[in-house]
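Each chain is listed here by its residues.
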Amino acid sequence: MNFIRGVIGGQGAGPQPSGAETIQKLCDRVASSTLLEDRRDAVRALKSLSKKYRMEVGTQAMDHLITILQTDRSDSEILGYALDTLYNIICNDEEEEQDESEDEAAQKQADDLGAQFTEAFIQDPEHITLLLTLLEEFDFHVRWPGVKLLTALLKNQGVQVQGIILVSPMGVSRLMDLLADSREVIRNDGLLLLQQLTKGNAAIQKIVAFENAFERLLDIITEEGSSDGGIVVEDCLLLLLNLLKNNSSNQNFFKEGSYIQRMKPWFEVGDDNSGWSAQKVTNLHLMLQLVRVMVSPVNSPGATASCQKSMFQCGLLQQLCTILMATGVPADILTETINTVSEVIRGSQINQDYFASVNAPSNPPRPAIVVLLMSMVNDRQPFVLRCAVLYCFQCFLYKNQKGQGEIVATLLPSTIDANSISAGQLLCGGLFSPDSLSNWCAAVALAHALQDNLTQKEQLLRVQLATSLGKPPVSLLQQCTNILSQGSKVQTRVGLLILLCTWINNCPIAVTHFLHNQENVPFLTAQISENLGEDERLVQGLCALLLGICIYYNDNSLENYTKEKLKQLIEKRIGKENFVEKLGFITKHELYSRAAQKPQPVFPSPEQMLFDHEFTKLVKELEGVITKAVHKSSEEEKKEEEVKKTLEQHDNIVTQYKELIREQDAQIQELKEQVTSMTSQNEKLQTTITQQLSQIQQHKDQYNILKLKLGKESQSQSHVSDQADGSQVNGMQIEELTQLREELDELRQQHTLLQTQLSDKDTLINTLRSDAPDTTERPASDNSELIQELEALRSQVQSQSAEIGQLKSENQDLLRKAETLPSAAHSDTDGSSDSTKMTELESRLGSQTAESERLKEEVRSLSDSRKELEQQLASVNSTVAILQTEKSKLQTEVQESKKEQDDLLMLLADQDQKIQSLKLKLKDLGQAVEDDDDLDTRDPTDEDDDDD
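Our subject in this report is the structure included herewith. Keep in mind the model is a prediction, meaning the values are calculated, not measured. Each chain has its residues counted from 1, following the order in which its sequence is written. A pLDDT threshold of at least 70 governs which residues receive local features in this predicted model, and a stricter bar of 80 or more applies before side-chain atom pairs are shown or counted, although totals over entire chains, interfaces and linings include all residues. Here the side-chain values reflect all heavy atoms present in the structure, with hydrogen atoms and water set aside.

### Structural notes on the side chain of lysine 582
Among the structural elements, lysine 582 can be located in helix α34 (residues 576-583). Relative accessible area decides the class of each residue, using a 1.4 Å probe on protein chains only: under 20% of the type maximum gives buried, over 50% gives exposed, and in between gives partly exposed. Only four residue types enter the charge count, namely Lys and Arg as positive and Asp and Glu as negative; His and the chain termini do not. Salt-bridge detection follows one rule: a side-chain nitrogen of Lys or Arg within 4 Å of a carboxyl oxygen of Asp or Glu. Nearest to the buried, unbridged lysine 582 among oppositely charged side chains is glutamate 581, at 6.8 Å. Contacts between residues were defined by any pair of non-hydrogen atoms, one from each residue, lying within 4.5 Å. Apart from residues no more than four positions distant in its own chain, lysine 582 is found in contact with Ile528, Ser529, Glu530, Asn531, Gln540, Gly541 and Ala544. Starting at the N terminus, helices and strands are each numbered in turn, a helix being any DSSP run of H or I of at least four residues and a strand any DSSP run of E of at least two.

This is the structure:
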């Protein structure tokens, strides 16, 4: 203890030991002391020396300090000293502060020292696991230095430490608990720790997100005052950016969790926006970047569209447009807001329509697009702001044909309003401004209004410009070529050439208008053929591209400038190889690849703003086809046209066959549906017949019982002789006659039911007759099934008619027996009434007989209709056979056309072989022959473009 006090306190009387000796003695004391108090004092002394003697403490004491962390877990004070000491020797922050005035070599040495100690610490992964376990301690003196130490380890060796934490059980979850700590110091340092932990590791980012990180971070931002908060809000936003950037899973989770809606209050600004603090500007800048991450063009189109829709529905887009039109907003925030609005509306028709309806708070109100374009063509505005406005205009027109039409319409003579400034007038003003950057921006903006829109390209040909008083107006196309030929700045000419290439691309009418001016083609050939400096190479390449488009999309409507004549002109004035070389200058330019990376125009200086992202895609698409078109001869073109015509004819034949097969499939499907419906109707009829058969059987049984009863009564009446017995028999006869009357009523009802069923069968037969002409494609098996069903119905009807006849005969026998009964009885008043009833029964039986005759007639008519149906089905079968024959003929013709095409390909292959053999012979004779391989080596980009 006295030794330690001597080191920490005053100096002793004898010679003082060196720092390394003192540290060695302290390390021995830590390793050998049995008392906890002695070890604690030794570790405290090492902590005080760790900043001054960083190298010595790190090399001698690290192992002892790790042992303290493992063994003395019960004492929080010694744990805190050990963690602080390890942090001092690993962290580079203190060294950076001390080395601000020293050279870079010393600074680099200090950084390497921290990296070496970090590597030594994490050499055993259990040390990181031990550190994660210590973070579960609630004691402030243990948890806070542990958080700082782990943060320093992640800064020095982030990838290795991330890998150890990722495989550690509950490692990320333990670190997420730091955000719930009530002590702000630990919570804030926990944010810094999570920032380092989530850098560049998608797996850890997903785990942190699913540990409810979004909810906790947004709650902290709200508690701290949103954009008006301090450095804690900035740390939360940086962590959110780490979790969401280039992580589609977390972006989808953020959107599905309705967290986009919670971002809207961040962008609420008041009327007075002056005096923003630097922290608020930083916070708002990060918030705008967070919105852009969700709708970035590099995300998948589906995810971006979904986020754009959510931002419009929750009012976030409207809030951003409010900031856009507000006054007093700092310039960098305004620029970032324009970029954010650009990506929120890019490719979303609903958002683009809303943005077109936004008006600036001016008198009179002007559309926001017009106000932004005024800033773009104003050379006094900052360069980054002008780039942002151009990006916003491009995003507004991206896949928005409606917006393109509205912009072009402001240039047409019928829609020009002299009392107001329109977007078209601003673009024309910028196009012909003395400022070269305004020329380039206006030309590119107008090119985006024509992108992939043939209608607007043709409409723009109608635009006429009044150049000066007393001179006739000239077209916009002519004016652009006039400015181009005047030899203005490179940036201006590049912008005009981009506009012209986009304009006449895939528009033969515009090509004709361009070639109609006799000065354009000589100017282009002169520009391409000259040997100019490095600065003019890009202009030469663009001129070659423009001339190549005139060849490729030429409809040969002008005799002086047909495809063949233009190619001859290139061969005589420029040379094909020289032309292709000049065309390749575009893609070889150093700024071309930078513009091709992303849609947003980002350039370090105005002079380097030469390429547009969409134009780079157009160049990549056209370079290969133009090279081919220039090298092709007229004979090859004719052959290609013939092959194209043959293929088109073949495609037309195949298309006709496909349509025929499609129609046949539809007819077969309809017939299948009809068969299904008829099958269901047949099942219903079968069920009805079964019910009728059961009812007839019941009637038979009842009739037999009644017959037996009448026989017994007649026998009893023959043996009775007195009047009393006779009156009793008459009473029994009345009861039996009443029962007979009821039975006859039931028979009449059954007869009515049979009659209705027969009428249903008549309607079914009529439907079959009406459907028969339409079933031209029905298979023969379906027709045979229908005939069998009709035969079954006919047999059932015949059996029912036979049963009706049998019932009729039985009823007649019953009438005879009933007539014998009155003669055996007394002829009194009761007898006369019974005879009257029997007369009524006879009349009813007569009517039933007539109805049965009518039923027989209906059965005959059904048989006749069945014969007619059989004839119609036979005609349908013949039609089906004819159609099948035609189908086989068509298939044979298809096979023959395929064989002809194969023969043509064989002929072409033979011709190629003959050409190769002739070239070899010419080489043997000493003649110079250009091979296809030589052409490919001169233009290495041709092969890639051919693949495209």
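### With respect to the pattern of salt bridges
Going through the model one piece at a time under the given rule, you end up with 20 salt bridges. Here arginine 40 makes a salt bridge to glutamate 77, at a shortest N to O gap of 3.6 Å. Here arginine 40 is found in helix α3 (residues 36-49), whereas its partner glutamate 77 is found in helix α5 (residues 76-90), with 37 residues between them in sequence. Arginine 40 sits in the buried class, given a relative accessible area of 15%.

### Examining the state of the cysteines
When the sulfur atoms of two cysteines come within 2.5 Å, that pair is taken as a disulfide. Enumeration over the complete set of coordinates arrives at zero disulfides. In this structure cysteine 428 is a free cysteine whose sulfur lies 8.2 Å from that of cysteine 480, the closest cysteine sulfur available. Between cysteine 501, a cysteine without a disulfide, and cysteine 543, which holds the nearest cysteine sulfur, the sulfur-to-sulfur distance is 8.4 Å. Cysteine 501 sits in the buried class, given a relative accessible area of 0%.

### Here we look at the nonpolar core
Formed by 207 residues in total, the largest nonpolar core has its most connected members in Leu150, Leu153, Leu175, Phe267, Phe355 and Leu545. Per-element accounting of this core gives the leading share, 12 residues, to helix α23 (residues 383-397). When neighbours within four sequence positions are excluded, phenylalanine 355 is seen to be in contact with Cys321, Leu324, Val341, Ile345, Ile369, Leu372, Cys392 and Phe396. Residues belong to one nonpolar core when they are buried, are Ala, Val, Leu, Ile, Met, Phe, Trp, Tyr or Cys, and are joined through side-chain atoms within 4.5 Å.

### Details of the packing of aromatic side chains
Between the rings of Phe, Tyr and Trp (Trp by its six-membered ring), a pair exists once the centres lie within 6.5 Å; its type follows the angle of the planes, with under 30 degrees stacked, over 60 edge-to-face, and the other angles tilted. Inspection of the entire model under this criterion finds 10 aromatic pairs. Taken together, a centroid distance of 5.9 Å and an interplanar angle of 65 degrees make the contact between phenylalanine 312 and tyrosine 354 edge-to-face. Remark: tyrosine 354 occurs in helix α21 (residues 349-357) and phenylalanine 312 occurs in helix α18 (residues 301-313); sequence separation between them is 42 residues. Phenylalanine 312 gets classed as partly exposed once you look at its relative accessible area, which sits at 25%. Between tyrosine 552 and tyrosine 553, the ring centres sit 4.9 Å apart and the planes meet at 90 degrees, which makes this aromatic pair edge-to-face.

### As for helix α32 (residues 534-552)
One less than the number of residues in a helix, times 1.5 Å, gives the span that helix is expected to have. If you check α32, its first and last C-alpha atoms are 28 Å apart, about what 19 residues at 1.5 Å a residue would give, namely 27 Å. Counting buried positions along α32 gives 15 out of 19 residues, so the element sits mostly inside the fold.

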